[in-house]
Amino acid sequence: MDIAKSKGPDELLNWEDIQKMKLSWNVACEVLRLAPPVQGAFRDVLTDFMYEGFYIPKGWKIYWSTHSTHKNPEYFSEPYKFDPSRFEGRGPAPYTFVPFGGGPRMCPGKEYARLEILVFMHNLVKRFKWEKLIPNEKIVVNPMPIPEKGLPIQLFPY
Ligand code: HEM
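Here the structure is a predicted model, which is why all the values come from computation and not from measurement.

What counts, and where the lines are drawn
- Residues numbered from 1 in each chain as written.
- Predicted model: local features only at pLDDT ≥ 70, side-chain atom pairs only at ≥ 80, totals over all residues.
- Heavy atoms only, no water.
- Helix = DSSP H or I, 4+ residues; strand = E, 2+ residues; numbered from the N terminus.
- Buried < 20%, exposed > 50% of the residue type's maximum accessible area, 1.4 Å probe, protein only.
- Contact = heavy atoms within 4.5 Å.
- Areas by Shrake-Rupley, 256 points an atom, 1.4 Å probe, with all protein chains shown as cover.
- Salt bridge = Lys/Arg side-chain N within 4 Å of Asp/Glu carboxyl O.
- Near = heavy atom within 4 Å.
- Polar contact = N/O pair within 3.5 Å; in protein donor to acceptor, adjacent residues only side chain to side chain.
- Nonpolar A, V, L, I, M, F, W, Y, C, P; charged D, E, K, R; others polar.
- Disulfide = S-S within 2.5 Å.
- Patch = residues over 30% accessible without salt bridge, like charges linked within 9 Å, V, L, I, M, F, W, Y side chains within 5 Å.
- Phe/Tyr/Trp six-rings, centres within 6.5 Å; stacked < 30°, edge-to-face > 60°.
- Lys NZ or Arg CZ within 6 Å of the ring centre and 35° of its normal.

For the protein, the count of helices and strands is 5 helices and 8 strands. In the protein, the order of α-helices and β-strands from amino to carboxyl end is α-α-α-β-β-β-β-α-α-β-β-β-β. Here the C-alpha coordinates of the protein stretch approximately 60 × 35 × 30 Å along the principal axes. Counting across all 158 residues of the protein, residues that qualify as buried make up 25%. Considering only contacts in the protein between residues 6 or more positions apart, those separated by 24 or more positions represent 55%. Of the accessible surface of the protein, which amounts to about 11600 Å², a share of 60% is contributed by carbon and sulfur atoms.

All told, the structure shown has 5 salt bridges when counted by the stated rule. Measuring nitrogen to oxygen at the nearest pair gives 2.7 Å for the salt bridge that ties E30 to R33. Highlighted residues: E30 and R33, both in helix α3 (residues 22-34), separated by 3 residues, approximately one helical turn. E111 is the salt-bridge partner of K110, the closest N and O atoms lying 3.8 Å from each other. One salt-bridge network, held together by shared partners, links E30, R33 and R86.

Our next topic: the site of the ligand. Surrounding the ligand, one finds 15 residues, the nearest of these being R43, P99, R105, C107 and P108. Between the ligand and the protein, one listed contact pairs an oxygen atom with a side-chain N or O atom of R43 at 2.6 Å. Breaking the shell around the ligand down by element, the ones donating at least two residues are β1 (40-44) and α5 (110-127). Residue composition of the shell around the ligand, by class: 10 nonpolar, 3 polar and 2 charged.

A word on unusual backbone geometry. One can expect most non-glycine residues to show negative phi and most peptide bonds to be in trans. Geometrically, the link from N142 to P143 is a cis peptide bond, its omega value of -10 degrees lying close to zero. Among the secondary structure elements, P143 is positioned in the loop between β6 (139-141) and β7 (145-147). Unusually for a residue other than glycine, E52 sits at a positive phi of about 50 degrees. Of note in this structure, E78 is not a glycine but carries a positive phi near 40 degrees. Tracing the backbone through its elements, the reader meets E78 in the loop between α4 (66-70) and α5.

As a further point, take the side chain of E30. Given the relative accessible area of 0%, E30 is considered buried. At a separation of 2.9 Å, a polar atom in the side chain of E30 contacts the side chain of R86. Not counting residues up to four positions away in its chain, the partners in contact with E30 are K81, F82, D83, P84, R86 and F87.

This part is about the state of the cysteines. Here, disulfide denotes a covalent bond that connects the sulfur atoms of two cysteines. As enumerated under the stated definition, the model contains 0 disulfides in all. Free of any disulfide, C29 has its nearest neighbouring cysteine sulfur in C107, separated by 13 Å. Taking relative accessible area as the criterion, C29 reaches 5% and is therefore assigned buried.

Residues M1, V125, W130, L151, I153 and L155 make up a contiguous nonpolar surface patch of about 510 Å² in total accessible area. Looking at the element boundaries, W130 is found in strand β5 (residues 128-132).

Counted by the stated rule, this structure contains 2 aromatic pairs. Sitting over the ring of F76, R33 keeps its end group 5.1 Å from the ring centre. Cation over ring: R114 sits above W25, and NZ or CZ is 5.9 Å from the ring centre.

Listed below in structure tokens is the structure:
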């Protein structure tokens, strides 16, 4: 809200504002942790290797899971609790928070997605209060998690 208050009615966000929106991004990251849009992805195994006592041979197709990594209590205490403060300071250990994947095939749209999410959050919070019309709307995975009825809300302009 500090940034929203510092702006005139039609004044747009600039790059410095976006860099300051750390709390908003921590909130967005916690949402991406709890409900990652991409559930995981496949990889071809290029060389034989051992993992947790299992032999994984070259040529296998394996799947890395965003969802199960994000819910692992070894990396995220009380993994089902919504807690944006997890992302303060140094944040989660490398390769434990992977909504955009990791390594050389990591999502190239990550920074663009961050920009879009923050601009959307800013404009929504600044201009409206809202109420969900279906309080406990079911989430369906198809293949991305989305509210079953499209999240109808009522907007109340300030
Ligand atoms: C919240 C939004 C987004 C999420 C959660 C997301 C997530 C992901 C994930 C998990 C991957 C697979 C990474 C891997 O295999 O290691 C991926 C790949 C990719 N994403 Fe995104 N993405 C998002 C937005 C975008 C946007 C906005 C664009 C383009 C403007 C984009 C373009 C791509 C492309 C081209 C790939 C394939 C990269 C490759 O295989 O080398 N994504 N994304």
